[in-house]
Amino acid sequence: MKKLHAFASIISILCIAVFLISTIIVDLFCSHETIARLKSLIVLPGLIILIPAMAITGATGFKISRGRKGKIIDKKKKRMPFIALIGVLIMIPSAILLDMWASTGQFGVKFLLVQLIEIICGSFNLFLMSMSMRDGFVLTGKLKINR
Ligand code: HEM
């Protein structure tokens, strides 16, 4: 269960980081055609990998922390609903909308606005997930930090 948690969490973080960095690079430097291709890849297979990985990370995280107490676990527990809510309410709908608009050549103001929201929320989610990863390594003793 702990191995699965570690594996799924790394896959989730990698997905968000790759989506975010490739989005920024492609948006800034590539043609509309390449942007549309990336938007489509982020939805499929991207979301098909990310959504289960996130769900497994959360579920296994809560399972392995059952019966355990502590500040670090409490913080991880508090962060997870925010990560999930931002994902479900903002990241998934924007990925789907951007893909739809890009595939029909709609790169106007609404595309830019949703793209900006996606980048800001994606960065915030990546930040929250990195904190949970750091806390995870502290819990397993792989990372020692003085607080
Ligand atoms: C996106 C969210 C999360 C990420 C990125 C994440 C990441 C990690 C990582 C990388 C580890 C270290 C694994 C290792 O060293 O083998 C870990 C351990 C752990 N995580 Fe998470 N985690 C997340 C969510 C959660 C949640 C919601 C909980 C539930 C409270 C949780 C509970 C734990 C516990 C208890 C450990 C220590 C396991 C042990 O002692 O072996 N995690 N996590």
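One can find the structure itself at the top, above this paragraph.
Here's what I pulled together on the structure shown here. Not measured: the values here are computed from a predicted model.

Section: the site of the ligand
Here is step 1 of the chain: Close to the ligand lie 26 residues; Ser9, Gly61, Met80, Gly136 and Thr140 are nearest.
Here is step 2 of the chain: Mapped onto the shell around the ligand, the elements with two or more residues apiece are helix H1 (2-29), helix H2 (32-64), helix H3 (71-103) and helix H4 (109-139).
Here is step 3 of the chain: A breakdown of the residues in the shell around the ligand according to their chemical character gives 11 nonpolar, 10 polar and 5 charged.

Description of H2
Here is step 1 of the chain: Over its 33 residues, H2 extends 45 Å from the first C-alpha to the last, a length consistent with the 48 Å expected when each residue adds 1.5 Å.
Here is step 2 of the chain: The sharpest bend along H2 measures roughly 55° and falls at glycine 46.
Here is step 3 of the chain: Regarding H2, the residues found buried are Ile35, Ala36, Leu38, Lys39, Ile42, Gly46, Leu50, Ala53, Met54, Thr57 and Gly61.
Here is step 4 of the chain: In this fold, the buried residues of H2 make contact with H1 and H3.

Brief notes about the packing of H3 against H4
Here is step 1 of the chain: Between H3 and H4, the least distance of the axes is 9 Å, while the angle of their chain directions is 150°. In this view, H3 runs roughly antiparallel relative to H4, as classed from their interaxial angle. Where H3 crosses over H4, the two elements pack in a sense that is left-handed.
Here is step 2 of the chain: Of the residues in the contact of H3 with H4, the class split is 19 nonpolar, 6 polar and 5 charged.

Side note on the packing of H1 against H2
Helix-helix packing is characterised by the crossing angle of the two axes and by the distance between the axes.
Here is step 1 of the chain: Put simply, H1 and H2 touch, their axes get as near as 8 Å, and they point 155° apart. What the angle tells us is that H1 and H2 run roughly antiparallel. H2 is crossed by H1, and the crossing has left-handed handedness.
Here is step 2 of the chain: In terms of residue class, the contact of H1 with H2 is made up of 15 nonpolar, 10 polar and 2 charged.

About the criteria used
Residues numbered from 1 in each chain as written. Predicted model: local features only at pLDDT ≥ 70, side-chain atom pairs only at ≥ 80, totals over all residues. Near = placed C-beta within 6 Å. Helix = DSSP H or I, 4+ residues; strand = E, 2+ residues; numbered from the N terminus. Nonpolar A, V, L, I, M, F, W, Y, C, P; charged D, E, K, R; others polar. Expected span 1.5 Å × (residues − 1). Bend = angle between axes of the 7 residues up to and from the residue. Buried ≥ 20, exposed ≤ 12 C-beta atoms within 10 Å, placed from the backbone. Contact = placed C-beta atoms within 7 Å. Axes fitted to C-alpha atoms, helices over the stretch in contact; angles between N-to-C directions. Parallel < 35°, antiparallel > 145°, perpendicular 65-115°, else oblique. Left-handed = near helix turned anticlockwise from the far one by under 90°.

Read these as layout, nothing more, since geometry by itself doesn't imply function.
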